Amino acid sequence: PGSGYCEKCSGGEYFNDIDIVCELCAKGRYSNGDLSACKSCTAGKYSDERGMTFCKTAPAGQIPSNARSEVKPCPAGTWSIGGVDECTECE
């Protein structure tokens, strides 16, 4: 169904149809501002702040958390090139 109200939100926000306000995207999500919902960060990326307009790439030696709201270091005996979701075992 259509909305009875139109609102263009700023980057890092989405339009909440129920409260009829723009709200910040949660950690792990982002928006370019013209969405009715924030998008989840994709593989190898994360957003560690509310209201992000893009997701950051996980640096080498770290991977995004499952919620994509932070990065965590690869466990001992593993490594990553960065921008990936899994650490690789050292040979």
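This section reports on the structure supplied with the text.

Cut-off values and rules
Residues numbered from 1 in each chain as written. Predicted model: local features only at pLDDT ≥ 70, side-chain atom pairs only at ≥ 80, totals over all residues. Heavy atoms only, no water. Helix = DSSP H or I, 4+ residues; strand = E, 2+ residues; numbered from the N terminus. Buried < 20%, exposed > 50% of the residue type's maximum accessible area, 1.4 Å probe, protein only. Polar contact = N/O pair within 3.5 Å; in protein donor to acceptor, adjacent residues only side chain to side chain. Salt bridge = Lys/Arg side-chain N within 4 Å of Asp/Glu carboxyl O.

1. A closer look at the side chain of S47
For S47, the position within the fold is in the loop between β5 (45–46) and β6 (56–57). The exposure class assigned to S47 is buried, which follows from its relative accessible area of 0%. Here R29 takes part through its backbone nitrogen, which lies 3.1 Å from a polar atom of the side chain of S47.

2. Here we look at the pattern of salt bridges
Across all of its chains, the model carries three salt bridges by this definition. Across the salt bridge formed by D48 and K56, the nearest N and O atoms sit 2.9 Å from each other. Classification of K56 as partly exposed rests on a relative accessible area of 24%. Two residues, K56 and E49, come together in a salt bridge whose shortest N-O distance is 3.9 Å. In the salt-bridge network here, residues are joined through shared partners; they are D48, E49 and K56.

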